[in-house]
Each structure stands twice: as C-alpha cells, then as structure tokens.
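Read off the chains here:
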Amino acid sequence: MAVSPVERSSVESHGDRIVREFTRQAEGFADPRRNSALTAQLGRLVRFLEPELDPEDVMLEVAAGTALVSRAVAGRVRHATALDLTPAMLAEGKRAADASGVTNLTFTRGDATDLPYLDRSFTLVVTRFSLHQVEAPDAVVREMVRVARPGAAIVVADLVRPDGLGGDPDRIERLRDPSHGTLRTEAAIAAMLTTAGAEVRRAERFDVVRPLEPWLEFTGTPPETAAAVRKEMEAEVAGGAQTGMRPLMVDGALHFTHTHAFVQATAG
C-alpha cells in the first residue's frame, strides 16, 4: 500500500530522511556543473586546514558525503577514511577517487553519532556541512573528540546562524530539503567542542551570496514549494517579513546569503 508524504514523514527517522534525500541528490554531487556551490569554498577550507596537515596523519572525515575534503587532501596525509550514512554518496565518492588515482582513501558506511572506531584512533578529524543536518550534533562532536588522539586537530566546517538573525531560516531550508536539521551559531559549535573535551584554538567565519534557482534545483524541490520559497524571498526584498535567508537581487536575479564557519579545536 502506498504511503503518503505526510504518513511517511511521521514514521521515518531523521536518519532515514537524510539517506532518502542524499540518495536522490548523490548524482548531482558527482556533476561538476551542478555541485559548484559545494566545491566553491573547498579551497578555502583546505587553506584553513594547512597548519594541521601532516604527511603522517591518519585522517577521518565524518559525515563525508562524497568525501570532497578527503579527496582534496589525500595527497597530504598518510591515510584518510571517509564515513557517511548514505551508500549512494559513498559510491559516488569512491568512483571519483578511483578516477583521480587516489589510493590512500577508504570509504565506510556508518553513523556519525556512533563511530565504529576505537578511542584515540585518528590524528586529524574533520566534518563539513554535517552538524546542521543531523538530529544530534552534540553526539557527533563527542564522537569526533573520542576517536581523536591527544593533540589531534578536530575541524568543523558548517553553515551557521549569525547572532541576532531575524526570521526562521531553518523553515525555509526544510522546505527546500526535508533532511535539514537546525543551524547552530558559531558559539554553539565551539561550546559543543569544549564540552566534549577539546580546546578551541581558532575560527573563521564568512558570508556567501548564492543564486536561489540553482539551490532549489539541486535538491529537486517540487515546483509549488520552490514557488512558495521564491515568493517569500521576493516579498522580503520588497520590504516584507524576514525569512532569515537574507535575500537580495544581484544582476536582476534573486540571491540569498549563507554564513559559513570553520572551527578548529585540539583534542585533550
């Protein structure tokens, strides 16, 4: 018997939603014409990671998706492991790694809130664009710290909510992608790391202005939902209620604003 979207959303777990949505999106992650927004800030993150990279590093990328970070730095570490919950994302990452000749990268299916590794197993632990997706970000951070060796670098790169932001960006984000969780502030991420036993050392925060239409198309947002999102942002630009997405017009096209944060901590 068919299950309606409402019935399905009431019975499936948040993890199930993540797997469902990212299985649908996996092909787009492999298409350079469609995933440019995902790779645009990757170089900036690699530069942020520079002081932490060592040729002897044993690295773990948590909630890795297609392992964009691991693939970008694989040549700078001894070995990298990319862990993700969605098999389709791992498969796309494995194909890309094989095509580019990366041989020191292992792909593993697993839950970021219950990492299948012993304590103190890695010398560098990274996650990108994950904490705003998962249901229990504090559990993910605790696990990252647990599997890091003393003195190891832990890096969280994520979308964050700026202090004092009006509106409800999470509502708009969920309309576009039902697997979206909650945007945290940079301070909240730093607090999670501190509570888990790591010492925050440095951070970088910056805004990225993005065109609306490719963002909606990437996740296959239904036309009626995309129209509703577009209408709300257009109304805000015209002086209406805040959505939390900070929309603006650029060269006649509707854009919005994301804030990114990179936070580096050291395991105790």
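Residues numbered from 1 in each chain as written. Predicted model: local features only at pLDDT ≥ 70, side-chain atom pairs only at ≥ 80, totals over all residues. Heavy atoms only, no water.

Considerations on the packing of aromatic side chains
Here's step 1: In this structure the tally under the stated criterion is 4 aromatic pairs.
Here's step 2: Seen from their ring centres, phenylalanine 206 and phenylalanine 262 are 5.3 Å apart, and the 75 degrees between their planes marks the pair as edge-to-face. Of this pair, phenylalanine 206 sits in strand 6 (residues 198-211) while phenylalanine 262 is found in strand 8 (residues 253-267), placing the two residues 56 residues apart along the sequence.
Here's step 3: For phenylalanine 206, a relative accessible area of 8% gives the class buried.
Here's step 4: Arranged with centres 4.5 Å apart and planes meeting at 45 degrees, the rings of tryptophan 215 and phenylalanine 256 form a pair that is tilted. Of this pair, tryptophan 215 sits in helix 10 (residues 212-218) while phenylalanine 256 is found in strand 8, placing the two residues 41 residues apart along the sequence. Side by side, tryptophan 215 and phenylalanine 256 carry an identical accessibility label, which is buried.
Here's step 5: Feature note: the residues Phe48, Phe206 and Phe262 constitute an aromatic cluster, connected by ring pairs. (Phe/Tyr/Trp six-rings, centres within 6.5 Å; stacked < 30°, edge-to-face > 60°. Helix = DSSP H or I, 4+ residues; strand = E, 2+ residues; numbered from the N terminus. Buried < 20%, exposed > 50% of the residue type's maximum accessible area, 1.4 Å probe, protein only.)

What to know about the confidence of the model for the protein chain
Here's step 1: With 87% of its residues at a pLDDT of 70 or more, the protein chain shows a mean pLDDT of 91.
Here's step 2: Ignoring residues within four places in sequence, the model shows residues 1-10, a span with pLDDT below 50, making 4 contacts including any to other chains. (pLDDT = per-residue confidence, 0-100. Contact = heavy atoms within 4.5 Å.)

Here's the deal with helix 4 (residues 42-49)
Here's step 1: For helix 4, the set of buried residues is Leu42, Leu45, Val46, Phe48 and Leu49. Along the axis of helix 4, the buried residues cluster in a sector spanning 160 degrees; they form a single face. (Arc of directions from axis to C-beta.)

Some points on the pattern of salt bridges
Here's step 1: By the definition in use, this model includes 14 salt bridges.
Here's step 2: One salt bridge in this structure joins arginine 171 and glutamate 232, with 2.6 Å as the shortest N-O distance. On the criterion of sequence distance, the pair formed by arginine 171 in helix 8 (residues 169-176) and glutamate 232 in helix 11 (residues 223-237) is long-range, its members being 61 residues apart.
Here's step 3: The class of arginine 171 is partly exposed, set by a relative accessible area of 35%.
Here's step 4: The closest approach of N and O atoms between glutamate 213 and arginine 230, which form a salt bridge, is 2.7 Å. In this pair, glutamate 213 sits in helix 10 while arginine 230 sits in helix 11, placing the two residues 17 residues apart along the sequence.
Here's step 5: Residue glutamate 213 is classed as partly exposed on the basis of its relative accessible area, which comes to 30%.
Here's step 6: In this structure arginine 230 comes out as partly exposed when scored by relative accessible area, which is 24%.
Here's step 7: Salt bridges here are not isolated pairs; linked through shared partners, they connect Asp119, Glu143 and Arg146. (Salt bridge = Lys/Arg side-chain N within 4 Å of Asp/Glu carboxyl O.)

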